[in-house]
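Residues per chain are reported as follows:
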Amino acid sequence: MKNYGIYLTVLMLCMTVQTWFAPHAGAQETVTAVRQEERIFYHTVERGQTVYSISLMYGVGEEDIYRLNPSSRERVRAGEELRIPQKEQADGRKENDDETYVYHTIRTGETLYGVSRQYGLSAEDISEANRGLTPETFAAGKTIRIPAMRMQSLPVTQTKVVVKELKYKIKRQETMYSICRKFDVTSEELLAYNPRLKSGLKAGMELIIPVRTEEIVTEIPAQRELNIEELINYRRQIERTNIARIALLLPFIDPATQAPLDARVIEFYEGFLMSVDSMRNDGMSVELYVYNIGNDAATTATALENIESPLPDLLVGGMTDIQIELIADFARDRNIKYVVPFSSRCERLTLDNPCIFQVNAMPQNLYSYLTPRIHTLFPRHRIVLLNTNDGNPKTQLVHMLGADLNDNAIPFAEVTFSEKTFQADMLAAMSNTVPNLVIPFSGSLDALLKIKSTLRSIAETKPEYSVTLFGHPEWQNYTKDCLDDFYALNTYFYTPAYMNTMTPEAKWFAGKYKDMYNKPLSPSSPRYAVLGYDLGMYFLTAIRTYGNTFDNYVHQHVYRSIQSGFRFGRVNNWGGFFNTNLYIVHYNKKNYSILREE
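Residues numbered from 1 in each chain as written. Predicted model: local features only at pLDDT ≥ 70, side-chain atom pairs only at ≥ 80, totals over all residues. Heavy atoms only, no water.

**Some points on the overall build of the protein chain**
Where we set the bar: Secondary structure is summarised from DSSP: a helix means a run of H or I of at least four residues, a strand means a run of E of at least two, and numbering begins at the N terminus for each. Here's how the labels work: a residue is buried when its accessible area is under 20% of the maximum for its type, exposed when over 50%, partly exposed in between, all with a 1.4 Å probe on protein chains only. Any two residues having at least one pair of non-hydrogen atoms within 4.5 Å are treated as being in contact.
A tally of regular secondary structure across the protein chain gives 20 helices and 20 strands. Burial status across the protein chain gives 47% buried among its 598 residues. In the protein chain, the proportion of contacts linking residues at least 24 apart, taken out of those at least 6 apart, comes to 70%.

**Points about the sheet that holds strand β14 (residues 436-440)**
Our working definition: We treat two strands as partners when DSSP finds at least two bridges between them. Comment: axis = line fitted to C-alpha atoms, over the contacting stretch for helices; angle = value between 0 and 180 degrees taken between N-to-C directions.
The seven strands are arranged β13-β12-β14-β15-β16-β19-β20 in an open sheet whose pairing can be described as mixed. Unpaired on one side and paired on the other, β13 (412-416) and β20 (593-597) mark the two borders of the sheet. The sheet shows a mean angle of 20° between the axes of neighbouring strands, direction not considered. Relative to β14, strand β12 (residues 382-387) runs parallel, the two sharing five bridges. Among the inter-strand pairings, R382 is bridged to a residue of β14, identified as N436. Those strands touched by helix α17 (residues 445-461) are β12, β14 and β15 (467-471), and its axis lies near 160° from that of β15. This element, helix α18 (residues 479-488), spans β19 (583-588) and β20 of the sheet and lies at about 70° to β19.

**Some details on the packing of aromatic side chains**
Two numbers describe a pair of aromatic rings. These are the distance of the centres and the angle of the planes. What counts here: Here a pair means two rings of Phe, Tyr or Trp (six-membered ring of Trp) with centres within 6.5 Å. Their orientation is stacked below 30 degrees between planes, edge-to-face above 60, and tilted elsewhere. Comment: the charge-over-ring label is applied if NZ (Lys) or CZ (Arg) is within 6 Å of the ring centre and within 35 degrees of the ring normal.
Applying the stated criterion across every chain yields a total of 37 aromatic pairs. Where Y168 meets F183, the ring centres are 5.1 Å apart and the plane angle is 70°; that geometry is what we call edge-to-face. A residue pair is termed long-range when its members are at least 10 positions apart, and Y168 in strand β5 (residues 156-169) and F183 in helix α7 (residues 176-183) qualify at 15 residues. Take F183: its relative accessible area is 17%, and that puts it in the buried class. Among the aromatic side chains, those forming a connected cluster through ring pairs are F357, Y538, F539, F550, F566, F568 and F577. The ring of Y101 has R145 lying over it, and the distance from NZ or CZ to the ring centre is 3.8 Å. The ring of Y583 has R596 sitting right over it, with the charged end atom 4.2 Å from the ring centre.

**Notes on the nonpolar core**
Test applied: We call a set of buried Ala, Val, Leu, Ile, Met, Phe, Trp, Tyr and Cys residues a nonpolar core when their side-chain atoms join them within 4.5 Å.
One finds I246, F509, L535, F539, F550 and F568 to be the most contacted residues of the largest nonpolar core, which totals 45 residues. Contributions of two or more residues to this core are made by β7 (243-250), α10 (263-281), β9 (314-317), α19 (504-517) and α20 (528-546). In terms of residue count, α20 provides more of this core than any other element does, 13 residues in total. Beyond its immediate sequence surroundings of up to four residues, F550 is in contact with L314, K337, F357, F539, A542 and I543.

**Quick word on the side chain of N436**
Cut-off, in case you're wondering: Here a polar contact is taken to be a pair of N or O atoms separated by no more than 3.5 Å, where protein atoms must pair a possible hydrogen donor with a possible acceptor and residues adjacent in sequence count only if both atoms sit in side chains.
Along the chain, N436 falls in strand β14. At 2.7 Å, the side chain of N436 and the backbone nitrogen of S431 are in polar contact. When sequence neighbours within four positions are dropped, the list of residues in contact with N436 reads H381, R382, M430, S431, Y465, S466, V467 and T468.

**Points about the packing of α10 against α19**
Spelled out, the test is: Note on angle classes: values under 35 degrees are labelled roughly parallel, values over 145 roughly antiparallel, values of 65 to 115 roughly perpendicular, and the remainder oblique. In this classification, Asp, Glu, Lys and Arg are treated as charged, Ala, Val, Leu, Ile, Met, Phe, Trp, Tyr, Cys and Pro as nonpolar, and every other residue, Gly included, as polar.
Look at α10 against α19: their axes get within 11 Å of each other, and the N-to-C directions meet at 105°. Taken together, the axis directions place α10 and α19 in an arrangement best described as roughly perpendicular. Taking contact as the criterion, the partners of E267, E270, L273, M274, D277 and S278 in α10 are, on α19, W508, F509, K512, Y513, M516 and Y517. A breakdown of the residues in the contact of α10 with α19 according to their chemical character gives seven nonpolar, one polar and four charged.

**Focus: the sheet that holds strand β17 (residues 568-570)**
Spatial strand order, β8-β7-β9-β10-β11-β18-β17: seven strands in an open sheet with mixed pairing. Of all the strands in the sheet, the pair left with one neighbour each is β8 (285-292) and β17. The average angle at which neighbouring strand axes cross in this sheet is 20°, direction not considered. Two elements, β7 and β9, share four bridges in a ladder whose sense is parallel. Of the residues in β9, the one forming a bridge with A247 is L315.

**Quick notes on the packing of helix α16 (residues 422-429) against α17**
Quick note on the threshold: Throughout, a crossing is termed right-handed when the near helix is turned clockwise from the far one, and left-handed when it is turned anticlockwise from it by less than a right angle.
Between α16 and α17, the least distance of the axes is 10 Å, while the angle of their chain directions is 55°. Relative to α17, α16 is oriented oblique. For the element pair α16 and α17, the recorded crossing hand is right-handed. Across from F422, Q423, M426 and L427 in α16, the residues of α17 making contact are I451, T454, L455, S457 and I458. Its residues assigned to classes, the contact of α16 with α17 comprises six nonpolar, three polar and no charged.

Structure follows, in structure tokens:
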């Protein structure tokens, strides 16, 4: 009886455990069903992405994302998983053209072969639609693009004559002839299946009869299971080359007035020519083709029509949105790498075109990489965000920085500039026990001039308040008015491009430029001539080292720039590259040096 009671107790515990875990298992099944039935896939937010950029990436509306992810209306965080509707569901229709794609979120344990079979495609089809696919990016949680089904990959249905074997027992008085007529077979076929008939036909003997019938047969093209490393191995074959063909498409002259359009473009061209000259002196053969694209679409289209075979390895240029779009389409159709040197407004194109290298970082990308750098450089500082009230705040940076500080539970203060109470307000916000980092909202010279004297006075007259000033890229143009203050306030600023004119490399370039063109470098930053030189050197050395497959190696290609740094990362598995380079420049008050930290 005692044993029976123990048995009941154990049974009830087992039932309780089963009941406890049943909803969880059911929830997993429901999620799987939702993924398949509602045409939802999942996107993991990466640093620098916004709801807007994610909507562009997948061709859906921002409201479609908000509908499935209500909290994203306020903010999305790096690492957060968003539910995204497939495009045809968001549109309320399904497109049937060759540019139709669905998106697949890779699950744990999935293989490229398994995904290809799931969608009735070859592994090569999926790889071709995802030019950035690597063993690192084919991982659980990553998204890949699935192209519209291709006819050669689809199952083939057709009517075929099928031979089946029928067992038949010979009846009395049946002959070989009568059996052949009955089943519409030849005596040769019957003997082939029944060699015993050579000894004679007997009643009761069991025969195998080959019977032909027509059946509808569906055949799936045979596929070899391909490993992801094996599939992309052809992309990783490094073919060093000492020859490069480059096409520059720049707006030199207005076709209507024949007047020069922009002096900065001329400077960029001059700097690029210096990179070509350097590489030729180093033994590389560089064929350079230069086209004027004016300031309109028609001149650009004409220039593209004049590009002849063999096609160039690299296209560089474009200024207006329509020019960049025309060149980008030309590059994608012919699989030519395309560098956009001036504009930061081609996000939509870069997200969908694997050939594009966008040099100028978008603000949200720059800011997203800046906030963790601030944590690393100033882990013990009291942070003071300063609203300078000059009508030109960097609102997006302020919002991202404030949210990031809150997420990491880092205390900070906010001060709004008031001329009468500024010093008192700052002293109240700052700490006299740990260093203080003051970050103005604005990068304007007016804002800097309003605050620098007071901050310097605090730093010099109240040594218990350690003050470091942190600013913006524009500040590298203010050294004429503020250099002493920068040193006194131990100033830092972030920038995607910076040239220290006192370095040997900068001095060499300035001297060489003056010798070649009989004029000094432009004093404004960034200097377009140096941009042209750095860009040319980066891509020419990449082509020489890695050949036409250099886009697979940009993560390991190193070029020590004079001014403009390049750290390219592919935006997704099927798009192009954004430049995520960010320098931190430091005016070191201890030894009056200028350091550029990468």
